[in-house]
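Listed here are the chains, written in short residue letters.
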Amino acid sequence: MNPATVLLLARLGRAALYALTALIVLGICYGLWILDYGVIFQYFGRLLVGAVLTIELVAISVLIGFCIALPTALMRVSTNPWLRYPAYAYIFYFRGTPLLVQIFFIYHGLGQLDLIRDGILWPIFKEAYWCVLIAFTLNTAAYSAEILRGAIQAVPRGEIEAARAIGMSKALAYRRIILPRALRIGLPAYGNEIVLMLKGSALASTITLLDLTGMARTIIARTYTPVEIFLAAGLIYIVINYAFAYGWTRIERRVNRYLAPPA
Amino acid sequence: METVLPYANLFLLGTLMTIRLALGALALGLVLGLLGATAKLSQDPLARALAEIYTRIVRGIPELLVVLLIYFGSAVALTRLAELLGFDRYVELSPYVAGVLALGLMFGAYATEVFRGAILAVPKGQIEAARAYGMGPWLTFRRITLPQVWRLALPGLGNLFLVLMKDTALVSVIGLGEIMWVSKIGAENTKNAIAFYFVASLIYLALTVVTMRGQFHLEAWANRGLPRDTR
């Protein structure tokens, strides 16, 4: 192609881009013009109630999930096959299947077993709340374990050798050198995982829980204003996600400040 | 197992639907991702801003909410559009189209970052060499940048496709007859939820394994011109 044609194409592309943008902006303006804001104001409080449950579910499952993930990651990097393979299978299963299947399996599936129905755990497994919490916890633990494994293996070899050379036992080296280092290395990826969990928590609504998405769906069933309510819910999710991401970056910067260039 | 067996053909159809959905969303997402990456790297501030808004919004909203918003929201919007044009009837997208749009939009937002990284990873010297040979910007992009972007973006895109495959289960919520929907029907009819959701999870695991194998071979093929890592 000669330069003149390229220039012409570039101009045409730019013109098309501006025309498209104008069209999108016009469409959005018209859409925002005809939205029913009354319904958003009327139900915004209910949505916030749902958002609290969303945050509660994510906070609990991430906390317990981390407590499961740490030993799982240690098993996963172990040289003992009896420890390594069970951890590998657990991580593989929960990362390889959709969260929705895991929720339904625990809520609808386990409830049909007599062992569970007649057992002492039945009060837990008959509640959608606990089933969702179990599913979220097992799911995020599997992803977190894999992140931790990567972080543990990313700890510079020399630091581990140095720890052993000054006489630290393996356990002490893990406690003082490897794990503190790995946690700092894995922090950004772990933050991403928590954001993904926040987004995944919308699935709680599929088994009747009134989290932010569940609340939105119940409101819409009554008012039939899907655009207004889903957009409002989406806005709340965005605020939560970006507020969390901002706070997490601050933490990252704080714990890794010894790596920052001197001011 | 004998409760699931009569549903084997339904599961087969459901699996095919899941694959069709994933591939449709992949095609749309790759186009959106390439467009988004070029926009983010362009000198035009408007294009950069558009791409930034797109990726920020889509990555901050739950996948399920995007699926619901597109399916139910598009019905409201299309019906309104039809009214404006003088047709008095209810219009909606099929669950398949809504699913492809929703999953494609999400794949595209994440793929934008993968492509952006890949384009930036092409060594600058190669671009300068191409320009020095007299290639124009478009020819340079087509002959030098794009073939390498494919290779550099492959690991990231593979991971995104694994995520996409699992997200297809969400489209069962709006009634598309894919794996998850088939298992729900079976579980309700036979009262044997364990068997059906277990089989569903095995199918998803199989799809994951097949994708990972495919990704491995594609990467090996894409990297065939490079010296092998002999560590």
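Look above for the structure.
As the structure is a prediction and not an experimental result, all values here were calculated from the model.

Q: Describe in detail the overall build of chain A, supporting the description with residues and values.
A: Looking only at helices and strands, chain A has 11 helices and 0 strands in total. Listed N to C, the secondary structure of chain A is α-α-α-α-α-α-α-α-α-α-α in terms of helices and strands. In terms of C-alpha radius of gyration, chain A reaches 25 Å, well past the compact-globule figure of 18 Å for 263 residues. Principal-axis analysis of the C-alpha atoms places the extent of chain A at approximately 70 × 70 × 40 Å. Here chain A holds 263 residues, and 43% of them are scored as buried. Nonlocal contacts in chain A, meaning residues at least 24 apart in sequence, comprise 76% of its contacts between residues at least 6 apart. Accessible surface, chain A: about 14500 Å² in total, of which carbon and sulfur atoms supply 70%.

Q: So what about the interface of chain B and chain A? Which residues, and what values?
A: Each side of the interface is counted separately: chain B has 43 residues, and chain A has 44 residues. For the chain B face of the interface with chain A, the top three residues by lost area are Leu65, Lys166 and Ile194 of chain B, together amounting to 15%. Among the salt bridges present, the one from Asp44 of chain B reaches Arg14 of chain A, with a minimum N-O distance of 3.3 Å. Counting residues per element, the side of chain B that touches chain A draws most heavily on helix H3 (residues 63-84) of chain B, at 10 residues.

Q: Can you explain the packing of aromatic side chains? Please cite residues and give values.
A: Under the criterion given, the structure shown has 12 aromatic pairs over all chains. Summarising the aromatic geometry, the rings of Tyr88 of chain A and Phe92 of chain A are spaced 6.2 Å apart at their centres and angled 5° between planes, so their arrangement reads as stacked. Placement of the pair is Tyr88 of chain A and Phe92 of chain A together in helix H3 (residues 81-96), with a separation of 4 residues, close to one helical turn. A relative accessible area of 41% means that Tyr88 of chain A is categorised as partly exposed. Through a chain of ring-to-ring contacts, the aromatic side chains of Phe66, Tyr190, Phe244 and Trp248 of chain A assemble into a single cluster. It is Arg84 of chain A that lies over the ring of Tyr85 of chain A; its NZ or CZ is 5.1 Å from the centre. Directly above the aromatic system of Trp221 of chain B lies the positively charged group of Arg224 of chain B, at a separation of 4.4 Å from the ring centroid.

Q: Pulling in residues and values, what's your account of a nonpolar patch on the surface?
A: Nonpolar side chains collect at one region of the surface, where Tyr30, Trp33 and Ile34 of chain A together with Leu81, Leu84, Leu85 and Phe87 of chain B lie side by side and expose about 800 Å² of accessible area between them. Every element with two or more residues in the nonpolar patch is listed here: helix H1 (3-34) of chain A together with H3 of chain B. When residues in the nonpolar patch are grouped by element, the largest group, 3 residues, is from H1 of chain A. Tracing the backbone shows Leu85 of chain B in the loop between H3 and helix H4 (95-121). Exposure remark for Leu85 of chain B: the relative accessible area of 62% places this residue in the exposed category.

Q: Describe the packing of H3 of chain A against helix H7 (residues 128-154) of chain A, with residues and values.
A: All names here are of chain A. Look at H3 against H7: their axes get within 9 Å of each other, and the N-to-C directions meet at 115°. The way H3 lies across H7 gives a crossing that is left-handed. Along the contact surface, H3 presents Tyr90, Ile91, Phe94 and Arg95, while H7 presents Leu138, Asn139, Ala141, Ala142, Tyr143, Ala145 and Glu146. Here the residues of the contact of H3 with H7 are counted per class, giving 8 nonpolar, 1 polar and 2 charged.

Q: Break down the pattern of salt bridges for me, citing the residues and quoting the values.
A: Under the counting rule described, the total for this entry stands at 9 salt bridges over all chains. For Lys199 of chain A, the salt bridge identified is with Glu63 of chain B, shortest N-O distance 3.7 Å. Within this pair, whereas Lys199 of chain A is found in helix H9 (residues 170-200), its partner Glu63 of chain B is found in helix H3, the two belonging to separate chains. Of the two residues, Lys199 of chain A and Glu63 of chain B, neither departs from the other in class, the shared state being buried.

About the criteria used
Residues numbered from 1 in each chain as written. Chains lettered and ligands numbered in written order. Predicted model: local features only at pLDDT ≥ 70, side-chain atom pairs only at ≥ 80, totals over all residues. Heavy atoms only, no water. Helix = DSSP H or I, 4+ residues; strand = E, 2+ residues; numbered from the N terminus. Rg over C-alpha atoms; globule rule 2.2 N^0.38 Å. Buried < 20%, exposed > 50% of the residue type's maximum accessible area, 1.4 Å probe, protein only. Contact = heavy atoms within 4.5 Å. Areas by Shrake-Rupley, 256 points an atom, 1.4 Å probe, with all protein chains shown as cover. Buried area = accessible area lost by both parts, 1.4 Å probe. Salt bridge = Lys/Arg side-chain N within 4 Å of Asp/Glu carboxyl O. Phe/Tyr/Trp six-rings, centres within 6.5 Å; stacked < 30°, edge-to-face > 60°. Lys NZ or Arg CZ within 6 Å of the ring centre and 35° of its normal. Patch = residues over 30% accessible without salt bridge, like charges linked within 9 Å, V, L, I, M, F, W, Y side chains within 5 Å. Axes fitted to C-alpha atoms, helices over the stretch in contact; angles between N-to-C directions. Left-handed = near helix turned anticlockwise from the far one by under 90°. Nonpolar A, V, L, I, M, F, W, Y, C, P; charged D, E, K, R; others polar.

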